[in-house]
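# Coordinate inspection notes
Residue strings, one per chain:
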Amino acid sequence: MRIDITNVHRRYDDVAALDGVDFTVESGEAYGLVGTNGAGKSTLFGLIAGHDRPDEGAITVGDRDVRELGWRIREAIGVLPEDPGFPPGETGRETLAFHADVRGIGASPEDAAERIAGAAATVGLGDAIDRPIDGYSKGMRRRLGLAAALLANPSVLLLDEPTAGLDPNGVAALREVLTRVREETGVTILMATHALREAERVCDRVGVLDDGRLVAEGTPDELGADHEDGLEGAFVSLTGGGRDA
Ligand SMILES: Nc1ncnc2c1ncn2[C@@H]1O[C@H](COP(=O)(O)OP(=O)(O)OP(=O)(O)O)[C@@H](O)[C@H]1O
């Protein structure tokens, strides 16, 4: 499903967190939103996920305004927060079962169990799914979060800093999983990230957000074309600091 962000404004008192943001993520595309700290990425994600409303403008997912989707938004959009915050003492499978239960996922307990097994397999958790989460690495926790986001077979995935804090092996494993998810499901991906090298590798297009405005957009090659160090050079010259830096 395609995501259309049209002239979106969101203010907090005297801060224009989003100041007229326009862009489209095409169906099946992986789009990276990069920006300085405080550029407005989390604010935008909150609006897309329906946790908050724009002061002005509209956000549609598959031609439906997210404000009209109501509870169906949880089926259409899977969200991977930066820190999913799992309860201690549970196995991965128990955690996914809790998510499925709370969100009413699965027509029957058998259906829910099948979806849980499918999501766990997709993210490559293997036998670890029946081990306590307390022993999971950060990368495994992130992949468990992704499995939770995939439970409802969403058309859109919102990934907030999916590689933050992961070692290179964890980053590579997550990249592999995202590639597989795209191949298997054709899901549309919007990811907010500070990892520019990773955005270059994973994303079809990248948008640069600075002080609540989209200041550039294109393929990583297009954006980095005039800079020796590619997207990173483009990012530095386009942003120059950031309000929360
Ligand atoms: N609830 C809030 N109340 C007041 N100001 C806020 C609130 N949420 C965000 N802001 C401000 O809005 C601006 C955008 O913040 P936002 O968290 O969306 O940026 P971000 O790009 O996600 O930053 P980061 O990369 O640091 O997570 C910042 O100046 C921030 O301080």
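The structure under discussion appears in the preceding block.
A brief look at the structure comes next. (Residues numbered from 1 in each chain as written. Predicted model: local features only at pLDDT ≥ 70, side-chain atom pairs only at ≥ 80, totals over all residues.)

## Describing the overall build of the protein
This is how it is decided: Each helix is a run of DSSP H or I of at least 4 residues and each strand a run of E of at least 2, with the numbering of both proceeding from the N terminus. The globule rule used for comparison is 2.2 Å times the number of residues to the exponent 0.38, while the radius of gyration itself is calculated over C-alpha atoms. Exposure criterion: with C-beta atoms placed from backbone coordinates, a residue whose C-beta has 20 or more other C-beta atoms within 10 Å is buried, one with 12 or fewer is exposed, and one in between is partly exposed.
Helix and strand content of the protein: 10 helices and 10 strands. For 245 residues, the compact-globule estimate of 2.2 N^0.38 gives 18 Å, and the protein sits close to it at 18 Å. Along the first, second and third principal axes, the C-alpha set of the protein runs to 50 × 40 × 30 Å. Within the protein, the fraction of its 245 residues that count as buried is 42%.

## As for the site of the ligand
Quick reminder of the rule: Any residue whose backbone-placed C-beta atom lies within 6 Å of a molecule or strand is treated as near that molecule or strand. Any residue outside Ala, Val, Leu, Ile, Met, Phe, Trp, Tyr, Cys, Pro, Asp, Glu, Lys and Arg is labelled polar, Gly included; the first ten of those are nonpolar and the last four are charged.
Surveying the vicinity of the ligand reveals 13 residues, the closest of which are Y12, A17, N37, S42 and T43. The set of elements that each furnish at least two residues to the shell around the ligand consists of β2 (15-25) and α1 (41-48). Element by element, the count of residues in the shell around the ligand is highest for α1, at 3 residues. Residues that form the shell around the ligand fall into these classes: 4 nonpolar, 6 polar and 3 charged.

## Quick notes on helix α5 (residues 109-122)
Under the convention used in this document: The length a helix should cover is 1.5 Å for every residue beyond the first. Picture the helix axis, draw a direction to every C-beta atom, and the arc is the one those directions span. For every residue pair, C-beta atoms are placed from the backbone, and the pair is scored as a contact if these atoms sit within 7 Å.
Spanning 14 residues, α5 covers 20 Å between terminal C-alpha atoms, matching the ideal 20 Å at 1.5 Å per step. Restricting attention to buried positions, one finds in α5 the residues A112, R115, I116, A119 and A120. Relative to the axis of α5, the buried residues are bounded by an arc of 130° and lie together on one face. The exposed set on the far side of α5, more than 90 degrees from its buried face, consists of E110, D111 and E114. Tucked inside the fold, the buried residues of α5 contact α4 (92-102) and α6 (138-150). Of the residues one or two after α5, G124 is the one with positive phi, at around 70°.

## Thoughts on the pairing of strand β7 (residues 156-160)
Note on strand geometry: in a regular strand, side chains alternate between the two faces of the sheet. Let me state the cut-off plainly: Two strands make a pair as long as DSSP finds a minimum of two bridges between them.
The element β7 is largely enclosed, with a buried count of 5 among its 5 residues. Residues V156, L158 and D160 of β7 are buried on one face, and the alternating residues L157 and L159, pointing to the opposite face, are buried as well. Across 4 bridges, strand β6 (residues 77-80) lies against β7 in parallel orientation. Within β7, the residue paired with V79 across the bridge is L158. Pairing geometry for β7 and strand β8 (residues 188-193), over 5 bridges, is parallel. By the bridge assignment for β8, D160 is matched with A192.

## Re the pairing of strand β4 (residues 56-61)
Pairing geometry for strand β1 (residues 3-12) and β4, over 5 bridges, is antiparallel. Counted as the bridge partner of I5 is I59 from β4. As judged from the 2 bridges shared by β4 and strand β5 (residues 64-65), these two strands associate in the antiparallel manner. Bridged to V61 within β5 is R64. Two successive antiparallel strands, β4 and β5, enclose a turn made up of 2 residues, where G62 displays a positive phi of approximately 55°.

Note that all results are geometric; they support no functional claim without further evidence.
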